[in-house]
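Each chain, written out:
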Amino acid sequence: NLEAEIVAEQSSHIWHAAIDVPLTTSPFHTVQTFDVFKLALQETQERGLIPSGYGVAKDEWTGGSYPEIKLITVGCGKQEYMVELPFEVWWTQSVLWAQGLDVMTCICMMENGEL
């Protein structure tokens with residue numbers, strides 16, 4: 001069975017008990033602020049704005065090209081794994097994530113009086 005195969009394959013990488021999933025709460029104080037977030041994110045996407053500081057803007061890429069391979073360090077043994085991130089699959093998702101995070105951060109800072 002596929003599930004048993006996956007568990008067997010993954011078990012050597014898991015050395016701890018399962019961690020409870022955190023409660024899901026909104027980062028915004030009000031529904032109105034969430035509505036502002038949705039509108040601001042929509043406008044950001046429609047304008048094609050790509051925020052800096054998240055590694056997704058072309059001028060942030062080392063050597064001028066999208067990093068299609070990323071090394072990640074995992075576990076106590078600090079073992080490195082190579083992860084392939086093909087441009088045509090991941091870049092648009094990365095941009096969407098960066099846009100959402102950037103808009104959310106700005107709105108939360110304004111809501112908290114930090115901007």
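None of these values were measured; they are calculated from a predicted model.

Quick word on the side chain of Gln99
Stage number 1. Here Gln99 lies in helix α3 (residues 87–111).
Stage number 2. For Gln99, a relative accessible area of 6% translates into the label buried.
Stage number 3. A polar atom in the side chain of Gln99 sits 2.7 Å from the backbone oxygen of Leu49.
Stage number 4. Look past the residues within four positions of Gln99 in its chain and what remains in contact with it is Leu41, Thr44, Gln45, Leu49 and Pro51.

Overview of the pairing of strand β1 (residues 69–74)
Stage number 1. Sheet topology note: the β1/strand β2 (residues 79–84) ladder contains six bridges and is antiparallel. Opposite Ile72, over in β2, you have Tyr81 as the bridge partner.
Stage number 2. Connecting β1 to the antiparallel partner β2 that follows it, the hairpin turn spans four residues, and Gly75 within it adopts a positive phi of roughly 75°.

Quick notes on the packing of aromatic side chains
Stage number 1. Per the stated rule, a full pass over the model turns up nine aromatic pairs.
Stage number 2. On the numbers, 6.0 Å between centres and 35° between planes, the contact of Phe28 with Phe34 is tilted.
Stage number 3. Judged by relative accessible area, which is 34%, Phe34 ranks as partly exposed.
Stage number 4. Relative to Trp91, the ring of Trp61 lies with its centre 6.4 Å away and its plane at 85°, an arrangement referred to as edge-to-face.

Notes on the layout of surface pockets
Stage number 1. Its boundaries defined by the atoms lining it, the largest pocket holds a volume of some 160 Å³.
Stage number 2. Looking at the largest pocket, the residues that line it are Ser12, His13, Trp15, His16, Val74, Gly75, Cys76, Gly77, Lys78, Gln79 and Tyr81.
Stage number 3. Across the lining of the largest pocket, the residue classes break down as four nonpolar, six polar and one charged.

Describing the environment of Glu111
Stage number 1. Its location among the elements puts Glu111 in helix α3.
Stage number 2. Owing to a relative accessible area of 25%, Glu111 belongs among the partly exposed residues under this scheme.
Stage number 3. With 82 residues separating them along the chain, Glu111 and His29 place their C-alpha atoms 7.7 Å apart.
Stage number 4. A polar atom in the side chain of Glu111 sits 2.9 Å from the side chain of Thr33.

Examining unusual backbone geometry
Stage number 1. Positive phi, close to 55°, is recorded for Lys78, a residue that is not glycine.
Stage number 2. Position of Lys78 among the secondary structure elements: in the loop between β1 and β2.

Side note on the packing of helix α2 (residues 31–47) against α3
Stage number 1. Between α2 and α3, whose axes approach to 10 Å, the crossing angle comes to 140°. The pairing of α2 with α3 is recorded here as oblique in orientation. Crossing hand, α2 versus α3: right-handed. Across the interface between the two elements, Thr33, Val36, Phe37, Ala40, Leu41, Thr44 and Gln45 from α2 touch Leu96, Gln99, Gly100, Val103, Met104, Ile107 and Glu111 from α3.

Points about the environment of Trp90
Stage number 1. Within the secondary structure, Trp90 is located in helix α3.
Stage number 2. Judged by its relative accessible area of 39%, Trp90 is partly exposed.
Stage number 3. In the structure, Trp90 is positioned 22 residues away from Glu68 in sequence and 8.8 Å away in space, judged by C-alpha atoms.
Stage number 4. With residues up to four places along the chain from it excluded, the contact list for Trp90 reads Tyr66, Glu84 and Leu85.

The rules we used
- Residues numbered from 1 in each chain as written.
- Predicted model: local features only at pLDDT ≥ 70, side-chain atom pairs only at ≥ 80, totals over all residues.
- Heavy atoms only, no water.
- Helix = DSSP H or I, 4+ residues; strand = E, 2+ residues; numbered from the N terminus.
- Buried < 20%, exposed > 50% of the residue type's maximum accessible area, 1.4 Å probe, protein only.
- Polar contact = N/O pair within 3.5 Å; in protein donor to acceptor, adjacent residues only side chain to side chain.
- Contact = heavy atoms within 4.5 Å.
- Pairing = 2+ DSSP bridges.
- Phe/Tyr/Trp six-rings, centres within 6.5 Å; stacked < 30°, edge-to-face > 60°.
- 1 Å grid on protein atoms, 1.4 Å probe; cavity = no way out; pocket = protein on both sides within 12 Å on 5 of 7 lines; lining within 4 Å.
- Points joined across faces, edges and corners; volume = space filled by probe spheres on them.
- Nonpolar A, V, L, I, M, F, W, Y, C, P; charged D, E, K, R; others polar.
- Axes fitted to C-alpha atoms, helices over the stretch in contact; angles between N-to-C directions.
- Parallel < 35°, antiparallel > 145°, perpendicular 65-115°, else oblique.
- Left-handed = near helix turned anticlockwise from the far one by under 90°.

Everything listed here is a matter of coordinates, which is why it stays silent on function.
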